[in-house]
Amino acid sequence: MADRPQKNLHVGAPYRADEARYIDTPYRRSGRTGLKLPAISLGLWQNFGDESPLATQRAILRTAFDRGVTHFDLANNYGPPPGSAEKNFGRIFAEDFRPYRDELIISTKAGYDMWPGPYGEWGSRKYLLASLDASLDRMGLDYVDIFYSHRFDPDTPLEETMGALDTAVRSGRALYAGISSYSPERTREAAAIMRELCTPLAIHQPSYSMFNRWIEAGLTEACADEGLGIIAFSPLAQGLLTQKYLGGVPDDSRAARGGSFSSSLITDDVVERLRALNEVAQSRGQTLAQLALSWALRDERVTSVLIGARTVAQLEDSLGALDRLDLTDGELAEIDKSAVEAGLNIWARSSDA
């Protein structure tokens, strides 16, 4: 992929998308649907709340779309504070991306704690549809392209949760329905219910990385059997699979800041494996992050991987993985020596239910 000159980063200027944005980016079909996603999509889980400068958020989004990244993934609780990522995205969408709405895939989710009281989380019809309406209002959208059940609710009948997704699609508030962090068994059950409702599930969003390979124990096969695409979140293990941790935990890293990623997970063993994987990456002319993304996309059943970015430079580095998606059998064997579970699946409670 040839280097392109930086453009559209002067945030005060009117935005015009790069006319060459679709030349180099590969797209993959999501399961048995007609929906195609870019191999690398942009997630707004981190870095798009009120703590991040709006100018930086705008520059990242503009650069992503200029590089053919047509899919922006959100959730009701992304921030901080919860809801702020959708609100900030909505402002940027109104000012920059509204003319390109038909070229974009915008997704959101509901399932985790969002407001006080018994109707502010999990998978009830009350919560899911109220949350979707609030998300649309924050983003200034008439509809989202994908609406997800963000996690399985063990206390709500699956028929009710899936029925809410069906209503979201039939009412025109969403075009496709998806699930996130469901087990293989619950995925099959959910898919069967949605087929009966004539609104087939389009996609599953699980965590997946070199250090978090749980989907290989049945979920990948279940999604293929049921016709769902897979879009993997946290393919860089919340930034662990980058060069920043090769020497330990930097003060400005996500692990040092706490939250969803604890520095206690970065043991001497993990650092040793990171260094071994980095050697494989260097032998291929890639950064460690690029290798991790190429590896996650090695199986065509994985439709897309979701990356986060704190800067335009981080985004550009990740997109560089598209230059080398090929992996030899020898490289895969070498990667497998170090790409083993590292206790990073903090979403296992949902997928184990």
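For every chain, the first residue of the written sequence is number 1, and numbering continues from 1 onward in sequence order. Residue-level local features of this predicted model are given only where pLDDT is at least 70; pairs of side-chain atoms are given and counted only at 80 or more, and the full residue set underlies all totals for whole chains, interfaces and linings. With hydrogens and water stripped out, all remaining heavy atoms of the structure feed into the side-chain values.

1. Here's the deal with helix α1 (residues 54-66)
- Secondary structure elements are taken from DSSP: a helix is a run of H or I of four residues or more, a strand is a run of E of two residues or more, and numbering for both begins at the N terminus. A helix is expected to reach a length of 1.5 Å times the quantity of its residues less one. If you check α1, its first and last C-alpha atoms are 18 Å apart, about what 13 residues at 1.5 Å a residue would give, namely 18 Å.
- Burial within α1 is extensive, with eleven of its 13 residues counted as buried.
- Listed as buried for α1 are L54, Q57, R58, A59, I60, L61, R62, T63, A64, F65 and D66.
- In this structure, the buried residues of α1 make contact with β3 (40-43), β4 (71-73), α2 (84-97) and α10 (312-319).
- In the stretch just after α1, G68 is the one whose phi turns positive, near 90°. Any residue under 20% of the maximum accessible area for its type is buried, any over 50% is exposed, and the rest in between are partly exposed; the area is computed with a 1.4 Å probe on protein chains only. The contact criterion used throughout is that any non-hydrogen atoms of two residues lie within 4.5 Å.

2. A closer look at the pattern of salt bridges
- The term salt bridge refers to a pairing of a side-chain nitrogen on Lys or Arg with a carboxyl oxygen on Asp or Glu at a separation within 4 Å. A full pass over the atoms with the stated rule returns 25 salt bridges.
- Ionic pairing is found between R101 and D145, a salt bridge with its closest N-O pair at 2.9 Å. In this pair, R101 is assigned in the loop between α2 and β5 (105-110) and D145 in strand β6 (residues 144-149), connecting sequence segments 44 residues apart.
- Its relative accessible area of 10% is what places R101 among the buried residues.
- Residue class for D145 comes out buried when judged on its relative accessible area of 4%.
- Each of the salt bridges in this network shares a partner with another, and the network as a whole consists of R58, R62, R91, E95 and D96.

3. Quick look at the packing of aromatic side chains
- Pairs were defined over the aromatic rings of Phe, Tyr and Trp, the Trp ring being its six-membered one, requiring ring centres within 6.5 Å. Orientation was assigned from the angle between planes: stacked under 30 degrees, edge-to-face over 60, tilted for the rest. Enumeration according to the criterion identifies 13 aromatic pairs in this entry.
- Residues F65 and F97 carry aromatic rings whose centres are separated by 5.8 Å and whose planes lie at 85° to one another, so their mutual orientation is edge-to-face. Placement of F65 in helix α1 and of F97 in helix α2 is noted, with a sequence separation of 32 residues between them. F97 carries the same exposure label as F65, and that label is buried.

4. Quick look at the side chain of N76
- The topology assignment puts N76 in the loop between β4 and α2.
- According to the relative accessible area criterion, N76 is buried, its value standing at 0%.
- Of note is the side chain of N76, whose polar atom sits 2.8 Å from the side chain of Y127. Two N or O atoms count as a polar contact when they lie within 3.5 Å, although within protein this holds only if one can serve as hydrogen donor and the other as acceptor, and sequence-adjacent residues are included solely when both atoms are side-chain atoms.

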